[in-house]
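What follows is the residue order along each chain.
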Amino acid sequence: MNQTAISQRKLLGIAGLGWLFDAMDVGMLSFLMAALQKDWNLTASQVGWIGSVNSIGMAVGALVFGLLADRIGRKNVFIVTLLLFSIGSGLSALTTTLAAFLALRFLIGMGLGGELPVASTLVSEAVPAADRGRVVVLLESFWAGGWLLAALISYFVIPVYGWRTALWLAAIPALYAIYLRLRLPDSPRFAAAQKEETVWSNIVKVWSAPHRKETVMLWLLWFCVVFSYYGMFLWLPSVMVMKGFSLIKSFEYVLIMTLAQLPGYFSAAWLIERAGRKFVLVAYLLGTALSAYFFGTAESLVGLMASGIFLSFFNLGAWGALYAYTPEQYPTSIRATGAGMAAAFGRIGGIFGPLLVGSLVAQGVSVTAIFTLFCLSVLVAVLAVAVLGSETKQQELA
């Protein structure tokens, strides 16, 4: 095995574990929402706010830390964001009121939102063009591992030991941040780049004529994908309860659906260097839209499980391609800024998705109608990529 392969594996492992801890926290939130609703007697609208405040924090974090990463380096920001969400998770286990829980979810969201685009930017810049898409999708596959871990903790820990214990377990990554500081190299492209531009000039460049089409495409894509993802997946356990299953059974079924994320990622990783970014995004987003529609209309357990499994498979495969595609749209000097701004705009969709579900459920709107709305949202993302996107397969980064 050559040295390049070894260093790629090392970088993928270090960044991927940080990604896994992010996913564990977000994944547990969907189960925590269902548990807190019962424990604190929350209304559907209040539960919706838990997911939305998390996304508000992610929007702020993606913007702020994306801008910082183009100034102080990818590695430094990666460590700060990891510490922020880990410490926030530990403190949130001590809360006794919804207000305190929401305040800490905002801080946790900032850490999560900042870490994801910065980590994908770091990996994109450190990997050769021939392997870049595959490696970034494999980085995203750690998200499935985190969700699976979250589902296992939620299924085995929350019913027996309570949601506070689950949050303590999510705080463990704070210790890992110390290891990251010692072991993680920064991006070689960032180290070699001229850093004379101001934060504001970088923002202006993202919307300048050479990058405007890519920025419009990415903002539409991110908004629609995040809106539908957080609207659907944060409510999955609660939707299963609404369809008549017990809290324990809903956790069990969502755990099974979560397993489908891994083959979704791995198939996207295999295809992305063969068929290209656009093909994978369009195909997997179309699969997501169809699965969302059939999940909303399903009446039987078999129908729910089958459509839920396909929803996980296609949606998370699309996420992998999204994180590979986004950093490739910009040159090194504004790469983290552009990726962070797109992610930040997308997180606005993540704010409205869970809130909208809570509001529609409170008004008596059917699950079928709600998931049809998410199906249409994903189709808008498909159009954005198909019409405005350009293929970046195996192109050298500028």
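That block above? That's the structure.
Residues numbered from 1 in each chain as written. Predicted model: local features only at pLDDT ≥ 70, side-chain atom pairs only at ≥ 80, totals over all residues. Heavy atoms only, no water.

A.B. asks: So what's going on with the overall build of the chain? Which residues, and what values?
C.D. replies: Counting its secondary structure elements, the chain contains 18 helices and zero strands. Computed over the C-alpha atoms, the radius of gyration of the chain is 20 Å, within 12% of the 21 Å expected from 2.2 N^0.38 for a compact globule of 398 residues. Along the first, second and third principal axes, the C-alpha atoms of the chain reach 55 × 45 × 45 Å. Looking at the chain as a whole, 60% of its 398 residues are labelled buried. For the chain, the exposed surface amounts to about 14,200 Å²; the carbon and sulfur share of it is 70%. (Helix = DSSP H or I, 4+ residues; strand = E, 2+ residues; numbered from the N terminus. Rg over C-alpha atoms; globule rule 2.2 N^0.38 Å. Buried < 20%, exposed > 50% of the residue type's maximum accessible area, 1.4 Å probe, protein only. Areas by Shrake-Rupley, 256 points an atom, 1.4 Å probe, with all protein chains shown as cover.)

A.B. asks: Pulling in residues and values, what's your account of the state of the cysteines?
C.D. replies: Taken as a whole, this structure holds zero disulfides when the rule is applied. With no disulfide of its own, Cys224 lies closest to Cys375 among cysteine sulfurs, the gap being 12 Å. Of the residues examined, Cys224 reaches a relative accessible area of 8% and is grouped as buried. On the accessibility criterion, Cys375 (11% relative accessible area) is buried. (Disulfide = S-S within 2.5 Å.)

A.B. asks: Which residues make up the environment of Tyr229, and what values go with them?
C.D. replies: Relative to the elements of secondary structure, Tyr229 occurs in helix 11 (residues 212–233). Its relative accessible area of 2% is what places Tyr229 among the buried residues. Remark: the alpha-carbon pair of Tyr229 and Val378, spanning 149 residues in sequence, is separated by 9.3 Å. A distance of 3.2 Å separates a polar atom in the side chain of Tyr229 from a polar atom in the side chain of Trp143. (Polar contact = N/O pair within 3.5 Å; in protein donor to acceptor, adjacent residues only side chain to side chain.)

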